[in-house]
Amino acid sequence: MIARPARLPLPGLLALTLALVAGHLILRIEIAPARFLALLTGTEAQSFAEIRVTHAVLPRIAMGLAVGAALGLAGSLFQQITGNRLASPLTLGAASGAWLAVVVATLAAPALVAGAREWVSLAGACLAFALVLGIAGLRGLLGLRAVLAGMAVNLLFEALAGALVLLESPYFSHLFVWGAGDLGQSGWQSLTWVLPRLGLAALGALAGLRVLGLLRAGAGGAEARGLSLAPWLGGLALIALFLTAISVAAVGMIGFIGLLAPNLARACGARRPAQEILASALIGAALLTGADLAAVLMSGALPDMVPTGALTALGGAPALVLLLRRRLGAADHAALEMPQGPARLRPVALAALALCAGSALVLALALAQGPGGWQFTWPEPMTLSFRWPRILGAAGAGAAMALSGVILQRVIRNPLASPEVLGMSSGASFALVLTTLLTGVSIHSVGAGVALAGSLGVMVLLLALVRRHGNAPMVVALVGISLGAVLDALVKIALAAGTADSFAILGWLGGSTYRVSPGGALSLAGVSLAGVAAAWAGRRWLTLIAAGDAVAEARGLAIAKARAGCLAGAAALAALVTAVMGPVSFVGLLAPHLATLIGARRAGPQVLAAPVIGAVLMVVSDWMGRVLLYPMQLPAGTIAALLGGGFFLVTLLRLRGGRG
Amino acid sequence: MIRARTPRRSAGAVFRALLLALSTALSAAALPAFADGPVSVTDRRGPQSFEAPPERIVVLDWALAEALLDLGIAPLGAPELTLYRDWVGTPAMPEGVTDIGLRSAPNLETIASLESQAIVAADLSAQEVARLEAIAPVLVFDAWSADHDNLAAQREIFLELALLTGRTARAERLLSEMETEITRRAEALARAYGGTPPDTAVIRLNDAATLWVYGENAVPTAALEALGVANALPQPPSRWGVAQKNLDALAEVEEGAIIAIRPHMAGAQVFESPLWQKLPAVAAGRYAEAGPVWSYGGYLSLLRHARALSDALLALAE
């Protein structure tokens, strides 16, 4: 890297931060300026208006600055250690790990959360990061792979936390607003908890500056000087994780600051590690203060308060896309190879697949829990009328998502592409939740048209970006991640009220077959079948597109049209599934790979085998959701995310292990 | 609806009310219980007929469970019983009731296996109602909505359920007893405060910095009104009648009192903060706690709220 003379606009950044702080003060302080200055210099507060200044307004501003700086610092450390400009507490899974740990501990050991929140939170963050590291490998941290692994971990952990919250609803209403990141303070106790920890971590980061400098010069050079980098890097990663953990423990989930701040810092001209860390912390503080200002303004205008964290994601995600789409590195184009099975789909594998499908069907139809315990009988007509739409709906959804995944992985030429990772499911969910929020219609009755509009909107965006950037996997993944985050922000604003409506949306987000009607199930299954037939007819296209643009065009394929058609088909499949039963994760990602693993490597066999595998996965998930916690029912999508996510992580881990 | 906004009622009026209550009770006792003839009740879709008052009834939400239990009938099945016992408590859910799963997704197969004679639900979509109709006759009410008076809806549901189960007399008696008791409590409050009780905000603590404020269309607010107490922190009507606020919103309660409904959960940590201690109401000793009561309950939970809130306010007056 060329060390250009750095002209970091530090005074400008500082002035911006101060202006935002001043904005807070002007907006929220109702006492005379002279009195305010007196309070600052130590005069005892008299009236409540004065106490409010000293114990609500000022600590809130200070908390925004502190947590913003902590997240900026954490993001900068993550990005410098990994050399990956998409690394951050959010994208590496650390924040959702911390969040899940606190949710679990709140339920299982409330005393632990009260006494040792940061350690619970840190343990979760470390676990998530270790998983991502295990999947991506040290070298994989450099590129897309780490971010996608982080996304997988996020999806998995969110599914787990969602299921827990759903089952113990009244105990968790207070977690909704915390999960959305609320900066409200009622004194300095939180801040006096955060500040020393933040200070310690900052000192640690300073101690590691030299190592970061050497790292920038090249790891080889550092090793040659006899410096073992590993312990240093481990220590710095731990500091970044600790910063993430304390911010989550103090104010909940604040997304995107840690990702955006270091990138903005570099855009402002930060070059050396010290500059980048300083600028990231400052920009992080300014960003969060600004977002909090917006949250305060909106809370004043709306009946319910608006959580700050949701706003950071709402603004941060699009900003990130704008910022990064021109700055792709070579590592971002790196391919990722998934495990391959035998070259052909052998009869044994076919027989095993058929057996799985058959037994899943029998299991789903006949084995269930009732008030009298477990029963294994053919269902009576009425029971059957409850079960078949769910089973058929699950099967149709699984098949549709799997097919969508096959198409996307071939068209995008990225083995981690799938409707949920690329944001197509998010687009549909986004449209549905937005419609619910704006019109007050129940989310269960909004309809497929709206979902389709959302999903196709994402696809159009994707196409536009893909065209300009030569189909770079990173851009594609980036759009997906960003759209997912925007949806998440919107949902969090909707959920923050913590009323029964929040739980209805949360239940829907799990992807449940509970409300699938016979008509919905039939249409889902019908569309899946038609989709499989169409994909089978177009299998030559799929083969050619996957082989590369040049090859495809040489064989006479109109590549642009074919790609648009494939993407539209994939988006429509994902939209229909989302409209009928809510977002379904991991099936679209996993089923194509499972098909490859049993030998369906060519396009023809894959478009047939993957939907069957997806259907089996969803039918089994739905069955487990119905019987495991009887009489409670967990959404099939949640179980599929747990099963699929777990399996996916294990596969990726073993893949790494196999390579040594 | 109870309109007890006149706490300074004369002794004669009270006497007349008592007499009325007594006569209602007597006439109820004198009449034979409803014969097992056909009954017709009105839900959101119009009149629904039953050949005989059903005894085996499944309810799909907690407010309906409360209403049925208040009428002296144990439901056959009800949702999330463990959480009901923690959060609602009164009226007590007897042993032997079958848990039918989540309120948001009651288990249809379980409901079917109970062989109920009626399923009572609230706020379901037409599609969900149609599925339940396949199991047993369904009554579905509009219970919680920003567009109507939730309390009036709960009163209607209570009376329709009484009609359904042939317990109208008991329901009338309970209502008049409730009215009498609330009137008595309103008078006790007025006496204790030598006139009008202070305006009061009813809240539920969320965590150290956020809380829910009960506004229009919420049961606690209706209970305040019935007790002749004005809401110190009015909120626009919404579906559940609550708004989530930061702690400093409570500063608007300057002359009035604040009552927090238990359980506080994570919110208890707020008591240590100087901001809380310096809230005008708290600093002046006009803060009290009430409950636990379930804020989204059936019509008689108005009485349970009135009891809890008036006890709290009486304690403050001492």
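Residues numbered from 1 in each chain as written. Chains lettered and ligands numbered in written order. Predicted model: local features only at pLDDT ≥ 70, side-chain atom pairs only at ≥ 80, totals over all residues. Heavy atoms only, no water.

(A) View of the nonpolar core. Counting 161 residues, the largest nonpolar core has L77, L243 and M424 of chain A as the members making the most contacts within it. Per-domain counts for this core show at least three residues from each of domain 1 (62-324) and domain 2 (347-659) of chain A. With near-sequence residues (within four places) excluded, L243 of chain A lies in contact with A70, L73, A74, L77, L198 and A201 of chain A. A63, I73, V97 and L302 of chain B belong to the second largest nonpolar core, which has 72 residues in total. (Core = buried A, V, L, I, M, F, W, Y, C linked by side-chain atoms within 4.5 Å. Buried < 20%, exposed > 50% of the residue type's maximum accessible area, 1.4 Å probe, protein only. Domains from an automatic or database assignment. Contact = heavy atoms within 4.5 Å.)

(B) Highlighting the interface of chain B and chain A. Listed by partner, the interface residues are 50 residues for chain B and 46 residues for chain A. When the two sides are added together, the surface that chain B and chain A hide from each other amounts to roughly 4200 Å², 58% of it contributed by carbon and sulfur. For chain B, the biggest contributors to the area lost against chain A are E109, Q244 and L275 of chain B; these three give 15% of the whole. On inspection of chain B and its partner chain A, the count reaches five salt bridges. Those elements that provide at least two residues to the side of chain B that touches chain A are α3 (81-87), α4 (108-113), α5 (126-133), β9 (210-214), β10 (242-246) and α9 (274-277) of chain B. Its residues assigned to classes, the side of chain B that touches chain A comprises 27 nonpolar, 11 polar and 12 charged. (Buried area = accessible area lost by both parts, 1.4 Å probe. Salt bridge = Lys/Arg side-chain N within 4 Å of Asp/Glu carboxyl O. Helix = DSSP H or I, 4+ residues; strand = E, 2+ residues; numbered from the N terminus. Nonpolar A, V, L, I, M, F, W, Y, C, P; charged D, E, K, R; others polar.)

(C) Broad picture of the environment of H305 of chain B. Residue and element names in this part refer to chain B. Structurally, H305 can be placed in helix α11 (residues 301-317). The class for H305 is buried, based on a relative accessible area of 1%. Here H305 is in contact with V219, P220, A223, I261, V293, W294 and S295, once residues within four sequence places are set aside.

(D) View of the domain arrangement of chain B. Residue and element names in this part refer to chain B. We note that the domain assignment places domain 1 (39-166) and domain 2 (186-317) within chain B. The centre of domain 1, based on its C-alpha atoms, is set 29 Å off from the matching centre of domain 2. Counting from both sides, the interface comprises 20 residues of domain 1 and, opposite them, 20 residues of domain 2. Between domain 1 and domain 2, roughly 1800 Å² of surface is buried when both sides are summed, and carbon and sulfur atoms account for 63% of that area. Counting the surface domain 1 buries against domain 2, the share from its top three residues, W87, W144 and L151, is 40%. On inspection of domain 1 and its partner domain 2, the count reaches three salt bridges. Here R239 makes a salt bridge to D123, at a shortest N to O gap of 3.4 Å. Applying the counting rule to domain 1 against domain 2 returns nine residue pairs in polar contact (both at pLDDT 80 or more). Looking at the side of domain 1 that touches domain 2, the elements with two or more residues in it are α2 (62-70) and α6 (150-164). For the side of domain 1 that touches domain 2, the element with the highest residue contribution is α6, accounting for five residues. (Polar contact = N/O pair within 3.5 Å; in protein donor to acceptor, adjacent residues only side chain to side chain.)

(E) Expanded view of a nonpolar patch on the surface. The grouping of L200, L203 and L206 of chain A at the surface amounts to a nonpolar patch, some 330 Å² of accessible area in total. Checked against the element boundaries, L206 of chain A lands in helix α8 (residues 189-207). (Patch = residues over 30% accessible without salt bridge, like charges linked within 9 Å, V, L, I, M, F, W, Y side chains within 5 Å. Areas by Shrake-Rupley, 256 points an atom, 1.4 Å probe, with all protein chains shown as cover.)

(F) Examining the packing of aromatic side chains more closely. Residues and elements named next belong to chain A. Per the stated rule, a full pass over the model turns up 11 aromatic pairs over all chains. Note on F78 and F129: the rings are 5.6 Å apart at their centroids and 45 degrees apart in plane angle, and the pair reads as tilted. With a gap of 51 residues between them, F78 in helix α3 (residues 48-82) and F129 in helix α5 (residues 110-140) connect regions that are remote in the sequence. Looking at F129, the relative accessible area reads 9%, which means it is buried. Geometrically, the ring pair formed by W119 and F242 is tilted, given 5.9 Å between the ring centres and 35 degrees between the ring planes. In this pair, W119 sits in helix α5 while F242 sits in helix α11 (residues 229-251), placing the two residues 123 residues apart along the sequence. By relative accessible area, which is 49% here, W119 ends up partly exposed. Of the residues examined, F242 reaches a relative accessible area of 15% and is grouped as buried. (Phe/Tyr/Trp six-rings, centres within 6.5 Å; stacked < 30°, edge-to-face > 60°.)

(G) Region of the structure containing helix α8 (residues 219-226) of chain B. Residues and elements named next belong to chain B. Of all eight residues in α8, seven are buried; the element is thus mostly enclosed. Of the residues making up α8, those classed as buried are V219, P220, T221, A222, A223, L224 and A226. Residues of α8 that are buried make contact with α6, α7 (168-192), β8 (200-205), β9, β11 (257-261) and α11. Phi for G228, located one or two positions after α8, is positive at around 80 degrees.

(H) Structural view of the domain arrangement of chain A. Assigned domains within chain A: domain 1 (62-324) and domain 2 (347-659). One C-alpha centre belongs to domain 1 of chain A, the other to domain 2 of chain A, and the line joining them spans 30 Å.

(I) Unusual backbone geometry, seen in detail. Residue and element names in this part refer to chain B. The omega torsion across T90 and P91 is -5 degrees, close enough to zero to call that bond cis. Each neighbour pair has its own omega, and for R262 with P263 the value is 0 degrees, a cis peptide bond. Relative to the helices and strands, P263 is located in the loop between β11 and α9. A positive phi angle, near 50 degrees, is found at E115, a position not held by glycine. Following the sequence through the fold, E115 ends up in the loop between α4 and β6 (118-122). With a phi close to 80 degrees, N217 is a non-glycine residue in the positive phi region. Secondary-structure assignment places N217 in the loop between β9 and α8. On the basis of relative accessibility, which here comes to 11%, the residue N217 falls in the buried class.

(J) The pairing of strand β2 (residues 46-50) of chain B, seen in detail. Residue and element names in this part refer to chain B. Taken together, the five bridges between strand β1 (residues 39-43) and β2 define a ladder with antiparallel strand orientation. The partner of T42 across the bridge, within β2, is P47. Two successive antiparallel strands, β1 and β2, enclose a turn made up of two residues. (Pairing = 2+ DSSP bridges.)

(K) Highlighting helix α25 (residues 587-597) of chain A. Residues and elements named next belong to chain A. Within α25, 10 of the 11 residues are buried, leaving the element largely enclosed by the surrounding structure. Burial in α25 covers these residues: V587, G588, L589, L590, A591, P592, H593, L594, A595 and T596. In the segment just after α25, G599 is the residue with positive phi, at about 115 degrees.

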